[in-house]
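Here is what each chain is made of, one letter per residue.
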Protein chains: 2
Amino acid sequence: MSSVEMGVMKPASNRAVILASGGLDSTVTAAIAKEEGCELFFLTMAYGQRHAVEVERARQVAAALGVVNHLVMELDLRAIGGSALTGWAAVPKDRAGHERSQGIPITYVPGRNLIFLSIAAAHAEVVGASFIYFGANVLDYSGYPDCRPEFIRAFETAVKEGTKAGIAGIPLRVKAPLLMLTKADIIRRGIALHVPFHLTHSCYDPVGEQACGRCDSCVIRREGFAKVGVVDPVSYAL
Amino acid sequence: MSSVEMGVMKPASNRAVILASGGLDSTVTAAIAKEEGCELFFLTMAYGQRHAVEVERARQVAAALGVVNHLVMELDLRAIGGSALTGWAAVPKDRAGHERSQGIPITYVPGRNLIFLSIAAAHAEVVGASFIYFGANVLDYSGYPDCRPEFIRAFETAVKEGTKAGIAGIPLRVKAPLLMLTKADIIRRGIALHVPFHLTHSCYDPVGEQACGRCDSCVIRREGFAKVGVVDPVSYAL
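Residues numbered from 1 in each chain as written. Chains lettered and ligands numbered in written order. Predicted model: local features only at pLDDT ≥ 70, side-chain atom pairs only at ≥ 80, totals over all residues.

Participant: Hey, could you run me through the relation of the copies chain B and chain A in this one?
Facilitator: In the superposition of chain B on chain A (RMSD 0.0 Å, axial shift 0.0 Å), the rotation amounts to 180°. Here the two chains are linked by the operation of a two-fold rotation axis. Both copies present the same face, since 100% of the interface residues in chain B are matched by interface residues at the equivalent positions in chain A. (Least-squares fit on C-alpha atoms with pLDDT ≥ 70 in both. Contact = placed C-beta atoms within 7 Å.)

Pasting the structure below:
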């Protein structure tokens, strides 16, 4: 008789909260979670001026992947940044790799992953999820302290000590399956999983319905697809 | 020559982010931070239906204590709770101590302190604060895993691993000076620090400008003032 049949252990939940932005990385992450047998609970943070299109794309991705639930939370992080973030509107264009690797990424908000993961952990407790999946990867890693594995482990410990489930011995695991992958690796993984790339949104500065093709995010995405040798289904203005 | 004069060590900032709700506990906590020599940066989370009066009281307390800045962030945590929190509107009244100690407090939101502390940590990084003060105390402690000292220490470690300041060796300390105090102890501390109790708001279910006098929060507050033997300046409907 297994310990589950004896009622001693609670069986692990296969529910996963996915931090879903409607972007390429979080969509591949969601597809990985699904492949790993998880029921998907999407959480989309609407946190700034450019969020409308991202939320809409996240909804389309959610529908395509067959999620159980999709929670959209509003939190205007621009207020935290104060005047330091007024530069958000000035999206750099046509930067080469060595330029992009310098300075703080345009989307940087101190503590953003800490905040988003905390909200995901709260949502996970409510829906009884055992996992959070999020799409951090090595491209972010260099500039973002809160993409480091050391941070992720420390965050798991804080959740263990700060939630009823954690104290009861039911751990919440935070999974970042893209952490060590390049953009080309991520796209290859997505192709294998039949990810609906045409629904994903990466551009920081869209021109109507089209991606601008020149911001850092567009440039990195296009370089990734070019390296893999497949056509990016997203429409670019330039 | 000290290490500071040599430019080797960055002097510790005396800036503190205060999680300020406009309530009695957070106001006493803010007064303690001020007494300990901190410059105060108030952070008020507006997170649900009853927040309007709390935010207004927090503004008045901020003015009375002479804060450097007061940031109000909106985050509707009711969405996280989903249907589990539809019971919020039913405020229990006239409960004795043994009744109050049973069940989940009405204000319970899974992960609330984790979320609020995460936002406070992000704000602390932006303004260069070395401390977060928050007003958790033993009355919450029994029911809230995220009021336990073990959680607070684990959270500090997560911040250390997940922020630029933390990685640079500049720690963020989370202080909960009321953690082991009863309500009467807190009120005595507040009296000694000349806290503007008349501005503080504790009631879950106010009647116009007056506190209801019968919800758990009112009952605990009134019992505290009665024990200390001073008059609560707040006006009660009953």
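Participant: Teacher, can you tell me more about the sheet that holds strand 4 (residues 131-133) of chain B here?
Facilitator: Pairing between the strands of a sheet comes from backbone hydrogen bonds, and it takes one of two forms, parallel or antiparallel. Residues and elements named next belong to chain B. Spatial ordering of the open sheet is given by 3-2-1-4-5, a layout of five strands whose pairing is parallel. Across the chains shown, the open sheet's two edge strands, defined by having one partner strand only, are strand 3 (69-74) and strand 5 (173-175). Across the sheet, the mean angle separating the axes of adjacent strands is 25° when strand polarity is ignored. Where strand 1 (residues 15-19) meets strand 4, three bridges bridge the pair, whose relative direction is parallel. Along strand 4, the bridge assignment pairs alanine 16 with phenylalanine 131. Sheet strands touched by helix 1 (residues 24-35): strand 1, strand 2 (39-46) and strand 4. Its angle to strand 1, the strand with the most contacts, is close to 175°. (Pairing = 2+ DSSP bridges. Helix = DSSP H or I, 4+ residues; strand = E, 2+ residues; numbered from the N terminus. Axes fitted to C-alpha atoms, helices over the stretch in contact; angles between N-to-C directions.)

Participant: What's the story with the packing of helix 1 (residues 24-35) of chain A against helix 9 (residues 183-192) of chain A in this structure? I'm lost.
Facilitator: Residues and elements named next belong to chain A. The contact between helix 1 and helix 9 brings their axes to 10 Å, and the two run at 45°. Our classification of the angle between helix 1 and helix 9 gives oblique. Where helix 1 crosses over helix 9, the handedness of that crossing is left-handed. For the pair helix 1 and helix 9, contact is made by Leu24, Asp25, Val28 and Ala31 and by Ile186, Arg189 and Gly190, respectively. Of the residues contributing to the contact of helix 1 with helix 9, the split by class is four nonpolar, one polar and two charged. (Parallel < 35°, antiparallel > 145°, perpendicular 65-115°, else oblique. Left-handed = near helix turned anticlockwise from the far one by under 90°. Nonpolar A, V, L, I, M, F, W, Y, C, P; charged D, E, K, R; others polar.)

Participant: What is the right way to read the sheet that holds strand 5 (residues 173-175) of chain A from this model?
Facilitator: All names here are of chain A. Taken together, the five strands give an open sheet; going across it, the order is 3-2-1-4-5, and neighbouring strands pair in parallel fashion. Each having just a single partner strand, strand 3 (69-74) and strand 5 make up the two edges of the open sheet. Each strand axis lies, on average, 25° off the axis of its neighbour in the sheet, ignoring direction.

Participant: Just checking my understanding: could you explain the environment of arginine 57 of chain A for this structure?
Facilitator: All names here are of chain A. Along the chain, arginine 57 falls in helix 2 (residues 51-65). The exposure class of arginine 57 is buried, given the 20 C-beta atoms found within 10 Å. For the pair arginine 57 and glycine 22, spaced 35 residues apart in the sequence, the C-alpha separation amounts to 4.9 Å. Leaving out residues up to four positions away in the same chain, arginine 57 has contacts with Gly22, Leu199, Thr200 and His201. (Buried ≥ 20, exposed ≤ 12 C-beta atoms within 10 Å, placed from the backbone.)

Participant: In this structure, what is going on with the interface of chain B and chain A? I would like to understand it.
Facilitator: By a widespread convention, an interface's size corresponds to the accessible area lost as its parts come together. Taken together, the contacts link 36 residues of chain B with 36 residues of chain A. Mapped by element, the contributors of at least two residues to the side of chain B that touches chain A are strand 3, helix 3 (78-81), helix 5 (112-127), helix 7 (149-162) and helix 8 (164-167) of chain B. Sorting elements by how many residues they give to the side of chain B that touches chain A places helix 5 of chain B first, with 10 residues. Residue classes in the side of chain B that touches chain A are distributed as 20 nonpolar, 10 polar and six charged.

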